[in-house]
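Below, each chain spelled out in residue letters.
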Amino acid sequence: MKKIFVLTGEPSGDKLASTVISKLKIDNPDIEYLSVGGTHIKKLGIQSIFDLKDITYLGFTSVLFNIIKIRKKINKTVDEIVKFNPDILFSVDSPDFTLRVAEKVKNINNKIKTIHYVAPQVWVWRKNRVKKIKKFIDHMLLLFNFEKKYFDEENIKNTFVGHPLIEKKENVITTLDNLISKDKKIISLFPGSRKSETNVLLPILLNFIELMNKKNLDHSFVFHATDENKEFIIDMVKKVNSDNIDVISDENIKDQVLSNSVFAVSKSGTISLQISSANIPSIIIYKLSFINFMIFRLLVNVKFANIINIINDKEVIPELLQKECNAEEIYKTVTYFLKNPVLIKKQLIDCKNTLEGIKSRSSSSSEVALILGNYLIS
(Lines give C-alpha, C1' and ligand atoms only; values in the text may rest on other atoms or scores of the structure.)
Protein backbone atom coordinates (compact mmCIF):
# COMPACT_ATOMS: atom_id res chain seq x y z
CA MET A 1 0.00 0.00 0.00
CA LYS A 2 1.25 3.48 -0.92
CA LYS A 3 1.75 6.01 1.87
CA ILE A 4 1.56 9.80 2.10
CA PHE A 5 2.49 11.96 5.07
CA VAL A 6 0.58 15.26 4.99
CA LEU A 7 2.49 18.07 6.68
CA THR A 8 0.83 21.39 7.53
CA GLY A 9 1.69 24.15 9.98
CA GLU A 10 -1.46 26.25 10.39
CA PRO A 11 -5.25 26.13 9.76
CA SER A 12 -5.09 27.64 6.26
CA GLY A 13 -2.63 24.95 5.15
CA ASP A 14 -4.75 22.28 6.81
CA LYS A 15 -7.72 23.46 4.73
CA LEU A 16 -5.73 23.47 1.47
CA ALA A 17 -4.28 20.02 2.14
CA SER A 18 -7.68 18.50 2.97
CA THR A 19 -9.16 19.72 -0.33
CA VAL A 20 -6.33 18.08 -2.26
CA ILE A 21 -6.46 14.80 -0.34
CA SER A 22 -10.25 14.54 -0.65
CA LYS A 23 -9.83 14.69 -4.44
CA LEU A 24 -6.87 12.31 -4.43
CA LYS A 25 -8.95 9.75 -2.53
CA ILE A 26 -11.51 9.60 -5.34
CA ASP A 27 -9.12 7.90 -7.78
CA ASN A 28 -6.71 6.50 -5.17
CA PRO A 29 -8.77 5.10 -2.29
CA ASP A 30 -6.11 2.69 -1.03
CA ILE A 31 -3.51 5.14 0.29
CA GLU A 32 -2.39 5.10 3.91
CA TYR A 33 -2.04 8.53 5.52
CA LEU A 34 -0.51 10.14 8.59
CA SER A 35 -0.26 13.87 9.22
CA VAL A 36 0.45 16.98 11.14
CA GLY A 37 -2.96 18.48 10.52
CA GLY A 38 -5.96 20.24 11.98
CA THR A 39 -9.71 19.81 11.92
CA HIS A 40 -10.05 19.59 8.12
CA ILE A 41 -7.51 16.78 7.79
CA LYS A 42 -9.00 14.96 10.77
CA LYS A 43 -12.46 15.08 9.17
CA LEU A 44 -11.00 12.93 6.36
CA GLY A 45 -10.19 10.27 8.96
CA ILE A 46 -6.46 11.02 8.94
CA GLN A 47 -4.64 10.92 12.25
CA SER A 48 -2.46 13.86 13.28
CA ILE A 49 0.61 13.13 15.42
CA PHE A 50 -0.05 16.26 17.53
CA ASP A 51 -2.30 19.30 17.79
CA LEU A 52 -1.71 21.92 15.11
CA LYS A 53 -2.03 24.66 17.76
CA ASP A 54 1.30 23.55 19.22
CA ILE A 55 3.26 24.93 16.26
CA THR A 56 1.25 27.99 15.17
CA TYR A 57 3.21 31.10 16.07
CA LEU A 58 3.15 34.65 14.72
CA GLY A 59 6.13 36.96 14.35
CA PHE A 60 9.85 36.63 14.83
CA THR A 61 9.84 37.17 18.60
CA SER A 62 7.12 34.57 19.17
CA VAL A 63 9.24 32.05 17.30
CA LEU A 64 12.34 33.02 19.30
CA PHE A 65 10.52 32.68 22.61
CA ASN A 66 9.26 29.23 21.60
CA ILE A 67 12.36 28.05 19.71
CA ILE A 68 13.09 25.08 22.00
CA LYS A 69 9.48 23.90 21.80
CA ILE A 70 9.48 24.31 18.00
CA ARG A 71 12.73 22.38 17.61
CA LYS A 72 11.29 19.53 19.65
CA LYS A 73 8.21 19.46 17.44
CA ILE A 74 10.35 19.51 14.28
CA ASN A 75 12.47 16.62 15.55
CA LYS A 76 9.43 14.63 16.68
CA THR A 77 7.78 15.18 13.31
CA VAL A 78 10.91 14.05 11.47
CA ASP A 79 11.13 10.91 13.63
CA GLU A 80 7.47 10.05 12.97
CA ILE A 81 7.80 10.59 9.21
CA VAL A 82 10.93 8.44 8.97
CA LYS A 83 9.21 5.73 11.02
CA PHE A 84 6.09 5.94 8.81
CA ASN A 85 8.33 5.74 5.71
CA PRO A 86 5.91 7.33 3.21
CA ASP A 87 6.28 7.31 -0.55
CA ILE A 88 5.51 11.05 -0.51
CA LEU A 89 5.98 13.80 2.05
CA PHE A 90 3.33 16.31 0.99
CA SER A 91 4.02 19.61 2.75
CA VAL A 92 1.74 22.64 2.54
CA ASP A 93 2.68 26.28 3.22
CA SER A 94 4.22 27.30 6.63
CA PRO A 95 7.76 27.03 5.20
CA ASP A 96 9.57 27.87 8.44
CA PHE A 97 8.16 24.65 9.89
CA THR A 98 7.37 22.36 6.96
CA LEU A 99 10.53 22.97 4.93
CA ARG A 100 12.75 22.49 7.96
CA VAL A 101 11.08 19.12 8.49
CA ALA A 102 11.37 18.21 4.79
CA GLU A 103 15.07 19.02 4.75
CA LYS A 104 15.81 16.79 7.73
CA VAL A 105 13.69 13.96 6.34
CA LYS A 106 15.40 14.11 2.96
CA ASN A 107 18.82 13.96 4.62
CA ILE A 108 17.79 10.78 6.44
CA ASN A 109 15.84 9.06 3.66
CA ASN A 110 16.46 10.36 0.14
CA LYS A 111 13.93 7.90 -1.33
CA ILE A 112 10.97 9.82 0.12
CA LYS A 113 9.61 12.18 -2.54
CA THR A 114 9.15 15.70 -1.17
CA ILE A 115 6.40 17.76 -2.78
CA HIS A 116 5.62 21.22 -1.43
CA TYR A 117 2.38 23.11 -2.12
CA VAL A 118 2.41 26.95 -1.74
CA ALA A 119 5.95 28.11 -2.45
CA PRO A 120 7.69 30.28 0.14
CA GLN A 121 7.40 33.93 -0.88
CA VAL A 122 10.98 34.32 -2.06
CA TRP A 123 9.89 37.33 -4.11
CA VAL A 124 9.07 39.08 -0.83
CA TRP A 125 12.12 38.21 1.24
CA ARG A 126 15.03 35.75 1.64
CA LYS A 127 15.41 35.05 -2.08
CA ASN A 128 18.55 33.01 -1.39
CA ARG A 129 16.37 30.31 0.18
CA VAL A 130 15.77 28.93 -3.31
CA LYS A 131 19.35 27.62 -3.56
CA LYS A 132 18.89 25.68 -0.33
CA ILE A 133 15.42 24.39 -1.24
CA LYS A 134 16.89 22.80 -4.36
CA LYS A 135 18.72 20.25 -2.19
CA PHE A 136 15.65 18.69 -0.58
CA ILE A 137 12.43 19.52 -2.50
CA ASP A 138 11.63 17.31 -5.49
CA HIS A 139 8.68 19.33 -6.79
CA MET A 140 7.43 22.83 -5.92
CA LEU A 141 3.76 23.63 -6.61
CA LEU A 142 3.18 27.34 -7.27
CA LEU A 143 0.12 29.49 -6.64
CA PHE A 144 1.26 32.30 -8.94
CA ASN A 145 2.72 32.07 -12.43
CA PHE A 146 5.21 34.90 -11.78
CA GLU A 147 6.91 32.69 -9.16
CA LYS A 148 8.21 30.27 -11.81
CA LYS A 149 11.25 32.32 -12.75
CA TYR A 150 12.68 32.11 -9.21
CA PHE A 151 12.61 28.32 -9.23
CA ASP A 152 13.48 27.90 -12.91
CA GLU A 153 16.71 29.83 -12.27
CA GLU A 154 17.82 27.06 -9.90
CA ASN A 155 16.41 24.22 -12.05
CA ILE A 156 13.94 23.19 -9.35
CA LYS A 157 11.08 21.18 -10.78
CA ASN A 158 7.96 23.32 -10.40
CA THR A 159 4.38 23.56 -11.64
CA PHE A 160 2.01 26.52 -11.62
CA VAL A 161 -1.25 25.09 -10.23
CA GLY A 162 -3.11 28.34 -9.49
CA HIS A 163 -4.63 29.62 -6.28
CA PRO A 164 -7.45 27.57 -4.72
CA LEU A 165 -9.08 30.61 -3.11
CA ILE A 166 -10.07 32.05 -6.48
CA GLU A 167 -11.72 28.89 -7.81
CA LYS A 168 -15.44 28.68 -8.44
CA LYS A 169 -17.11 26.54 -5.76
CA GLU A 170 -20.20 24.38 -5.90
CA ASN A 171 -21.77 25.35 -2.59
CA VAL A 172 -24.69 23.65 -0.93
CA ILE A 173 -27.32 26.36 -0.50
CA THR A 174 -28.03 26.97 3.17
CA THR A 175 -30.64 29.41 4.43
CA LEU A 176 -29.13 32.33 6.32
CA ASP A 177 -32.44 33.61 7.70
CA ASN A 178 -31.69 32.42 11.23
CA LEU A 179 -28.23 33.96 11.15
CA ILE A 180 -28.60 37.32 9.46
CA SER A 181 -31.45 39.79 9.70
CA LYS A 182 -32.78 40.63 6.23
CA ASP A 183 -33.05 44.32 7.06
CA LYS A 184 -29.34 44.65 7.89
CA LYS A 185 -26.34 44.86 5.55
CA ILE A 186 -23.54 42.40 6.29
CA ILE A 187 -19.95 43.39 6.95
CA SER A 188 -17.66 40.35 7.04
CA LEU A 189 -14.71 40.40 9.42
CA PHE A 190 -11.61 38.20 9.18
CA PRO A 191 -9.45 38.42 12.34
CA GLY A 192 -7.00 35.68 11.29
CA SER A 193 -6.62 31.96 11.81
CA ARG A 194 -3.75 32.09 14.30
CA LYS A 195 -4.70 32.82 17.91
CA SER A 196 -1.76 35.21 18.08
CA GLU A 197 -3.29 37.23 15.22
CA THR A 198 -6.76 37.11 16.71
CA ASN A 199 -5.48 38.29 20.10
CA VAL A 200 -4.29 41.51 18.45
CA LEU A 201 -6.96 42.16 15.81
CA LEU A 202 -10.16 41.03 17.54
CA PRO A 203 -10.25 43.82 20.19
CA ILE A 204 -9.59 46.40 17.44
CA LEU A 205 -12.43 45.01 15.32
CA LEU A 206 -14.82 44.96 18.29
CA ASN A 207 -14.03 48.63 18.93
CA PHE A 208 -14.67 49.31 15.23
CA ILE A 209 -18.10 47.68 15.55
CA GLU A 210 -18.84 49.84 18.58
CA LEU A 211 -18.05 52.98 16.54
CA MET A 212 -20.23 51.78 13.67
CA ASN A 213 -23.15 51.06 16.01
CA LYS A 214 -22.93 54.53 17.56
CA LYS A 215 -23.64 56.08 14.16
CA ASN A 216 -26.26 53.61 12.89
CA LEU A 217 -27.57 50.11 13.40
CA ASP A 218 -27.97 49.25 9.72
CA HIS A 219 -25.26 46.58 9.68
CA SER A 220 -24.71 43.04 10.90
CA PHE A 221 -21.12 42.05 11.62
CA VAL A 222 -20.01 38.48 11.03
CA PHE A 223 -16.67 37.11 12.21
CA HIS A 224 -15.30 34.37 9.95
CA ALA A 225 -13.60 32.00 12.40
CA THR A 226 -11.81 28.68 12.19
CA ASP A 227 -12.80 25.62 14.20
CA GLU A 228 -9.66 26.27 16.24
CA ASN A 229 -10.41 29.86 17.29
CA LYS A 230 -14.22 30.02 17.13
CA GLU A 231 -14.80 29.57 20.87
CA PHE A 232 -12.16 32.18 21.71
CA ILE A 233 -13.88 34.71 19.43
CA ILE A 234 -17.33 33.85 20.82
CA ASP A 235 -16.09 34.39 24.39
CA MET A 236 -14.69 37.81 23.45
CA VAL A 237 -17.88 38.81 21.61
CA LYS A 238 -20.01 37.87 24.65
CA LYS A 239 -18.23 40.61 26.61
CA VAL A 240 -19.55 43.20 24.16
CA ASN A 241 -23.09 44.48 24.58
CA SER A 242 -24.22 44.06 20.99
CA ASP A 243 -26.86 41.95 19.30
CA ASN A 244 -25.68 42.43 15.72
CA ILE A 245 -22.51 40.30 15.88
CA ASP A 246 -22.28 36.67 14.79
CA VAL A 247 -19.42 34.16 14.65
CA ILE A 248 -19.34 31.40 12.03
CA SER A 249 -16.86 28.64 11.16
CA ASP A 250 -18.75 26.37 8.74
CA GLU A 251 -17.01 26.77 5.36
CA ASN A 252 -20.17 26.64 3.27
CA ILE A 253 -21.95 29.22 5.43
CA LYS A 254 -18.85 31.44 5.44
CA ASP A 255 -18.80 31.46 1.63
CA GLN A 256 -22.47 32.39 1.46
CA VAL A 257 -22.20 35.10 4.11
CA LEU A 258 -19.23 36.61 2.28
CA SER A 259 -21.06 36.62 -1.05
CA ASN A 260 -23.97 38.44 0.63
CA SER A 261 -21.75 41.05 2.30
CA VAL A 262 -21.52 44.71 1.34
CA PHE A 263 -17.95 45.02 2.65
CA ALA A 264 -15.14 43.04 4.30
CA VAL A 265 -12.38 43.92 6.74
CA SER A 266 -9.64 41.33 6.60
CA LYS A 267 -6.28 40.62 8.12
CA SER A 268 -3.45 40.66 5.61
CA GLY A 269 -3.09 37.28 3.91
CA THR A 270 -4.38 35.05 1.15
CA ILE A 271 -7.97 35.36 2.41
CA SER A 272 -8.04 38.70 0.57
CA LEU A 273 -7.97 36.76 -2.72
CA GLN A 274 -11.11 34.88 -1.72
CA ILE A 275 -12.82 38.15 -0.79
CA SER A 276 -11.83 39.71 -4.13
CA SER A 277 -12.93 36.58 -5.98
CA ALA A 278 -16.36 36.93 -4.34
CA ASN A 279 -16.48 40.48 -5.79
CA ILE A 280 -16.70 42.09 -2.35
CA PRO A 281 -14.95 45.41 -1.61
CA SER A 282 -12.53 45.34 1.30
CA ILE A 283 -9.68 46.81 3.28
CA ILE A 284 -6.66 45.06 4.80
CA ILE A 285 -5.52 45.37 8.42
CA TYR A 286 -2.51 44.01 10.28
CA LYS A 287 -0.43 44.75 13.34
CA LEU A 288 2.86 43.31 14.57
CA SER A 289 4.83 44.20 17.67
CA PHE A 290 7.30 47.06 17.14
CA ILE A 291 10.31 44.69 17.15
CA ASN A 292 8.69 42.27 14.71
CA PHE A 293 7.70 45.11 12.42
CA MET A 294 11.21 46.59 12.35
CA ILE A 295 12.71 43.18 11.53
CA PHE A 296 10.07 42.73 8.85
CA ARG A 297 10.86 46.13 7.29
CA LEU A 298 14.56 45.27 7.15
CA LEU A 299 14.01 41.94 5.40
CA VAL A 300 11.17 42.41 2.91
CA ASN A 301 11.59 43.44 -0.73
CA VAL A 302 8.07 44.75 -1.42
CA LYS A 303 6.15 47.96 -0.65
CA PHE A 304 2.80 46.37 0.14
CA ALA A 305 1.41 43.61 2.35
CA ASN A 306 -1.47 42.49 0.14
CA ILE A 307 -0.81 40.26 -2.89
CA ILE A 308 -3.21 42.19 -5.15
CA ASN A 309 -1.37 45.41 -4.32
CA ILE A 310 2.00 43.73 -4.80
CA ILE A 311 1.05 42.45 -8.26
CA ASN A 312 -0.25 45.88 -9.31
CA ASP A 313 2.55 47.79 -7.55
CA LYS A 314 -0.07 50.19 -6.21
CA GLU A 315 -2.67 50.27 -3.45
CA VAL A 316 -5.78 48.78 -5.03
CA ILE A 317 -7.04 47.61 -1.62
CA PRO A 318 -6.33 50.04 1.26
CA GLU A 319 -3.87 48.73 3.84
CA LEU A 320 -4.15 49.85 7.46
CA LEU A 321 -0.99 48.57 9.08
CA GLN A 322 0.66 49.10 12.46
CA LYS A 323 -0.38 52.46 14.01
CA GLU A 324 -3.07 52.89 11.33
CA CYS A 325 -4.54 49.55 12.37
CA ASN A 326 -6.97 50.98 14.91
CA ALA A 327 -10.74 51.21 15.27
CA GLU A 328 -10.97 54.87 14.29
CA GLU A 329 -9.01 54.49 11.03
CA ILE A 330 -10.93 51.34 10.09
CA TYR A 331 -14.21 53.14 10.75
CA LYS A 332 -13.18 56.17 8.67
CA THR A 333 -12.01 54.03 5.74
CA VAL A 334 -14.99 51.66 5.70
CA THR A 335 -17.59 54.46 5.94
CA TYR A 336 -15.75 56.47 3.27
CA PHE A 337 -15.96 53.53 0.85
CA LEU A 338 -19.59 52.77 1.68
CA LYS A 339 -20.48 56.39 0.88
CA ASN A 340 -18.54 56.34 -2.41
CA PRO A 341 -19.79 53.58 -4.76
CA VAL A 342 -17.45 54.84 -7.50
CA LEU A 343 -14.44 53.89 -5.34
CA ILE A 344 -15.94 50.47 -4.67
CA LYS A 345 -16.57 49.89 -8.39
CA LYS A 346 -12.98 50.83 -9.26
CA GLN A 347 -11.53 48.49 -6.63
CA LEU A 348 -13.69 45.60 -7.81
CA ILE A 349 -12.73 46.13 -11.46
CA ASP A 350 -9.01 46.29 -10.61
CA CYS A 351 -9.29 43.15 -8.48
CA LYS A 352 -11.20 41.25 -11.16
CA ASN A 353 -8.57 42.11 -13.79
CA THR A 354 -5.79 41.03 -11.42
CA LEU A 355 -7.45 37.70 -10.61
CA GLU A 356 -7.93 36.91 -14.30
CA GLY A 357 -4.18 37.15 -14.70
CA ILE A 358 -3.35 34.64 -11.96
CA LYS A 359 -5.99 31.96 -12.53
CA SER A 360 -4.92 28.48 -13.61
CA ARG A 361 -6.67 26.62 -16.40
CA SER A 362 -8.36 24.21 -13.99
CA SER A 363 -8.86 23.62 -10.28
CA SER A 364 -5.70 24.08 -8.20
CA SER A 365 -6.54 21.20 -5.86
CA SER A 366 -7.31 18.91 -8.81
CA GLU A 367 -3.96 19.79 -10.41
CA VAL A 368 -2.13 19.02 -7.16
CA ALA A 369 -4.01 15.75 -6.64
CA LEU A 370 -3.11 14.69 -10.19
CA ILE A 371 0.60 15.43 -9.58
CA LEU A 372 0.56 13.43 -6.32
CA GLY A 373 -1.17 10.55 -8.08
CA ASN A 374 1.44 10.53 -10.85
CA TYR A 375 4.24 10.28 -8.30
CA LEU A 376 2.54 7.28 -6.69
CA ILE A 377 2.53 5.34 -9.97
CA SER A 378 5.95 6.45 -11.25
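One can find the structure itself at the top, above this paragraph.
Read on for a plain summary of the structure.

1. Here's the deal with the overall build of the chain
Part 1 of the reasoning: For the chain, the helix and strand inventory stands at 16 helices and 12 strands.
Part 2 of the reasoning: Counting only residues that meet the buried cut, the chain has 54% of its 378 residues in that class.
Part 3 of the reasoning: In the chain, of all internal contacts separated by at least 6 residues, the share reaching a separation of at least 24 is 69%.
Part 4 of the reasoning: Surface exposure of the chain reaches about 18300 Å², of which carbon and sulfur atoms provide 52%.

2. Describing the packing of helix 4 (residues 67–84) against helix 5 (residues 95–108)
Part 1 of the reasoning: One can describe the packing of helix 4 onto helix 5 by two numbers: an axis separation of 9 Å at closest approach and a directional angle of 45 degrees. Taken as axis vectors, helix 4 and helix 5 run oblique relative to one another. You can see that helix 4 and helix 5 cross each other, and the crossing is right-handed. Each of K73, I74, N75, T77, V78, I81 and V82 in helix 4 lies in contact with helix 5, whose residues at this interface are F97, R100, V101, K104, V105 and I108.
Part 2 of the reasoning: Class assignment of the residues belonging to the contact of helix 4 with helix 5 gives a composition of 8 nonpolar, 2 polar and 3 charged.

3. Description of the packing of aromatic side chains
Part 1 of the reasoning: Throughout the structure, instances matching the rule amount to 5 aromatic pairs.
Part 2 of the reasoning: Seen from their ring centres, F5 and F84 are 6.3 Å apart, and the 65 degrees between their planes marks the pair as edge-to-face. Placement of the pair is F5 in strand 1 (residues 3–8) and F84 in helix 4, with a sequence separation of 79 residues.
Part 3 of the reasoning: A ring pair is formed by F208 and F221, whose centres lie 6.0 Å apart and whose planes are at 85 degrees; its orientation type is edge-to-face. On the criterion of sequence distance, the pair formed by F208 in helix 8 (residues 195–215) and F221 in strand 8 (residues 219–224) is long-range, its members being 13 residues apart.

4. Looking at the sheet that holds strand 9 (residues 245–248)
Part 1 of the reasoning: Taken together, 6 strands build an open sheet; the order of strands is 9-8-7-10-11-12 and the sheet is parallel. Each end of this open sheet is capped by a strand with a single partner; those strands are strand 9 and strand 12 (319–321). For this sheet, the mean angle separating the axes of adjacent strands, direction not counted, is 20 degrees.
Part 2 of the reasoning: Bridge count between strand 8 and strand 9: 4 bridges; the pairing is parallel. Its bridge partner lying in strand 9, F221 is registered against I245.
Part 3 of the reasoning: With respect to the sheet, helix 14 (residues 327–338) is in contact with strand 7 (185–190), strand 8, strand 10 (261–267), strand 11 (282–286) and strand 12, its orientation differing from that of strand 10 by roughly 150 degrees.

5. A few points about helix 10 (residues 251–259)
Working note: α-helix, 3.6 residues per turn, so residues spaced by three or four point in the same direction.
Part 1 of the reasoning: Restricting attention to buried positions, one finds in helix 10 the residues N252, K254, D255, Q256, V257 and L258.
Part 2 of the reasoning: Here the buried face of helix 10 lies against strand 7, strand 8, strand 9, strand 10 and helix 11 (271–277).
Part 3 of the reasoning: Structurally, the start of helix 10 carries an N-cap: the backbone nitrogen of N252 is 3.1 Å from a side-chain oxygen of D250.

So, how was this worked out
Residues numbered from 1 in each chain as written. Predicted model: local features only at pLDDT ≥ 70, side-chain atom pairs only at ≥ 80, totals over all residues. Heavy atoms only, no water. Helix = DSSP H or I, 4+ residues; strand = E, 2+ residues; numbered from the N terminus. Buried < 20%, exposed > 50% of the residue type's maximum accessible area, 1.4 Å probe, protein only. Contact = heavy atoms within 4.5 Å. Areas by Shrake-Rupley, 256 points an atom, 1.4 Å probe, with all protein chains shown as cover. Axes fitted to C-alpha atoms, helices over the stretch in contact; angles between N-to-C directions. Parallel < 35°, antiparallel > 145°, perpendicular 65-115°, else oblique. Left-handed = near helix turned anticlockwise from the far one by under 90°. Nonpolar A, V, L, I, M, F, W, Y, C, P; charged D, E, K, R; others polar. Phe/Tyr/Trp six-rings, centres within 6.5 Å; stacked < 30°, edge-to-face > 60°. Pairing = 2+ DSSP bridges. Polar contact = N/O pair within 3.5 Å; in protein donor to acceptor, adjacent residues only side chain to side chain.

That's the geometry; what it means functionally is another story.
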